[in-house]
Amino acid sequence: MGKLIYILTILYIGLIPMEAITIAEDISYGRIVFILLFASSLFDISRCYKIKITEQPHIVILFSFIFYCFISIIWSYDQDETLHRVQLLIQYIIITVLATNVLCDYKRLKWAMIAFCLGCGYIGIASFGEYQVNSAVDMSYRSEFTTGNPNENAFMINYAIIFLLIILKNLSHTKRVFHLLCVAGIVVFSYFILILGSRNGIIMLATTLLFYSIPKIYRKRNFKSVLTILILIFGTLYLFFALPEVVQERYLGIQDQIAENEMSGRGYIWGKTFDMLSQPGFPIIQGAGWGTFITVFSQYSGQQIGAHNFYLNLLTTTGLIGLSLVLYYLYRLFLYLKLIRIKNKSVYYLLLVIPLISMLTTNWESRKWWFIISVFIYTLYRLNKNNLLPHNET
């Protein structure tokens, strides 16, 4: 049974990037695998759901947040929606605790990262196919994607790049073929991000390449390191200039969008949200109820639209209490990364930095990512603490 649980866990993680692909209304492959995984785990509850409270404070914080969201049903602006969203949070914490226990060594963790990369490869290839079929005369082709939101997909593909960099960092120097495969995968995934047309995606990609490149050049300064970085940078630039002119202009206009506080309408939404939060009768301390942002915002502005900012969403729906819990949770993840004993761990910090960037412009409240990232961060910390990460300079 333990092996079956492990296989289903790896399969579930591989299907996370494919949440938008459904086989029936609101039923995805991931949900089917989750049901099978949960049912299998019930035969080994003591091992699958073991929680070490003193060693895993982030799990305790997540449980506290879920409990707070549950009691927010009492004062929620939309009790049915809050209850539905809490049910999703319960699913997320189940898979988080289970995966944290199942991925108990580097080999299992590596296969989980590879599975996630394969899932991202699928949505990348599917997006590339749609990108070729739909004319790129203007940016309307982005609305034709059936594999999910381009901004969300850009985040997940960028996370796959981070996984490849971590795998690359832990590879033996004798495995040159695997080194080349990782580098090739990073270049291909970079191109997938470019064709998605996500400005947030290209900011995350640039951040990732900088975090990886600068410390590597500064510390090692050998020909191999410089050559690898040059391949990644110039390869990505070549792919960028191979894009249609209209796509290039979209990316080159990022600075103007930020300067004008426009950002595809997000500036307007955020401004209206701050106005709403500053109203005398708004429950800023306890929030309006988990998952109710669209309901609350529509009552104030007459528009049914998401926050496009995870932090503002938290502040609106769970108030200062819920926002504080999530910020403390993210801080605990930062401490795990800080305690990893490796000379050059900038790539590991990306596991938290990139989600923090994505949260600025993306709706994360209904996604399991902000739970799942803790599985990889905590497992890397635990393996490093027990000297179980291969080929690392400590």
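So, a few notes on the structure that sits alongside this text. (Residues numbered from 1 in each chain as written. Predicted model: local features only at pLDDT ≥ 70, side-chain atom pairs only at ≥ 80, totals over all residues. Heavy atoms only, no water.)

Comments concerning helix 8 (residues 176–195)
If you check helix 8, its first and last C-alpha atoms are 29 Å apart, about what 20 residues at 1.5 Å a residue would give, namely 28 Å. Taken from the residues just after helix 8, Gly 197 is the one with a positive phi, measuring 75°. (Helix = DSSP H or I, 4+ residues; strand = E, 2+ residues; numbered from the N terminus. Expected span 1.5 Å × (residues − 1).)

As for the packing of aromatic side chains
Centre-to-centre distance and the angle between the planes together describe a pair of aromatic rings. Per the counting criterion, the structure on display carries 27 aromatic pairs. Between Phe 65 and Trp 370 the ring centres are 5.5 Å apart and the planes differ by 85°, which places this aromatic pair in the edge-to-face class. With Phe 65 in helix 4 (residues 57–71) and Trp 370 in helix 17 (residues 369–385), this residue pair connects regions lying 305 residues apart in the sequence. With respect to class, Phe 65 is no different from Trp 370; both count as buried. Measuring from centroid to centroid gives 6.1 Å for Phe 189 and Phe 192, while their planes differ by 55°, and the two rings are tilted. With Phe 189 and Phe 192 both in helix 8 and 3 residues apart, the pair spans about one turn of that helix. The residues Phe 189 and Phe 192 share a single accessibility class, namely buried. When the ring centre of Tyr 6 is taken as origin, the NZ or CZ atom of Arg 108, which lies over that ring, is 4.2 Å away. (Phe/Tyr/Trp six-rings, centres within 6.5 Å; stacked < 30°, edge-to-face > 60°. Buried < 20%, exposed > 50% of the residue type's maximum accessible area, 1.4 Å probe, protein only. Lys NZ or Arg CZ within 6 Å of the ring centre and 35° of its normal.)

Quick word on the pattern of salt bridges
Enumeration over the complete set of coordinates arrives at 3 salt bridges. Arg 47 is the salt-bridge partner of Asp 44, the closest N and O atoms lying 3.1 Å from each other. The buried category is assigned to Asp 44, whose relative accessible area is 19%. Residue Glu 152 pairs with Arg 367 through a salt bridge whose shortest N-O separation is 3.2 Å. Of this pair, Glu 152 sits in helix 7 (residues 150–169) while Arg 367 is found in the loop between helix 16 (346–359) and helix 17, placing the two residues 215 residues apart along the sequence. (Salt bridge = Lys/Arg side-chain N within 4 Å of Asp/Glu carboxyl O.)

What to know about helix 14 (residues 293–301)
Burial in helix 14 covers these residues: Phe 293, Val 296, Phe 297 and Ser 298. Buried residues along helix 14 sit in contact with helix 13 (266–277) and helix 15 (310–338). Gly 302 sits one or two positions beyond helix 14 and adopts a positive phi of about 80°. (Contact = heavy atoms within 4.5 Å.)

Examining the packing of helix 15 against helix 16
Where helix 15 contacts helix 16, the two axes come as close as 10 Å, and the packing angle between them is 170°. By the criterion of interaxial angle, the relationship of helix 15 to helix 16 is roughly antiparallel. As for how helix 15 packs across helix 16, the hand of that crossing is left-handed. Every residue of helix 16 that contacts helix 15 at Phe 310, Tyr 311, Leu 330, Leu 333, Phe 334, Leu 337 and Lys 338 is listed here: Tyr 348, Tyr 349, Leu 352, Leu 356 and Met 359. Grouping the constituent residues of the contact of helix 15 with helix 16 by class yields 11 nonpolar, no polar and 1 charged. (Axes fitted to C-alpha atoms, helices over the stretch in contact; angles between N-to-C directions. Parallel < 35°, antiparallel > 145°, perpendicular 65-115°, else oblique. Left-handed = near helix turned anticlockwise from the far one by under 90°. Nonpolar A, V, L, I, M, F, W, Y, C, P; charged D, E, K, R; others polar.)

Some details on the environment of Ile 45
Tracing the chain through its elements places Ile 45 in helix 3 (residues 45–48). A relative accessible area of 45% means that Ile 45 is categorised as partly exposed. C-alpha of Ile 45 to C-alpha of Leu 98: the two residues are 53 residues apart in sequence and 9.3 Å apart in space.

Here we look at the state of the cysteines
For the structure on display, the rule yields 0 disulfides. Counting only cysteine sulfurs, Cys 120 is the nearest neighbor of Cys 117, a cysteine outside any disulfide, at a range of 6.5 Å. (Disulfide = S-S within 2.5 Å.)

Remarks on the nonpolar core
Residues Leu 89, Phe 116, Phe 189, Trp 290 and Trp 370 are the most contacted members of the largest nonpolar core, which totals 115 residues. Of the residues forming this core, the biggest block, 14 residues, is contributed by helix 7. The residues touching Phe 116, leaving out its near neighbours within four places in the chain, are Ile 13, Gly 14, Ile 16, Pro 17, Met 156, Tyr 159, Ala 160 and Phe 163. (Core = buried A, V, L, I, M, F, W, Y, C linked by side-chain atoms within 4.5 Å.)

Description of the environment of Ile 357
Within the element layout of this structure, Ile 357 appears in helix 16. Residue classification places Ile 357 among the buried residues on the basis of a relative accessible area of 17%. Sequence separation between Ile 357 and Thr 207 is 150 residues; the distance between their C-alpha atoms is 9.6 Å. Sequence-distant contacts of Ile 357, defined by excluding residues within four places in its chain, comprise Asn 200, Ile 203, Met 204 and Thr 207.

Notes on unusual backbone geometry
The phi angle at His 308 is positive, at roughly 55°, despite the residue not being glycine. With respect to the secondary-structure elements, His 308 resides in the loop between helix 14 and helix 15.

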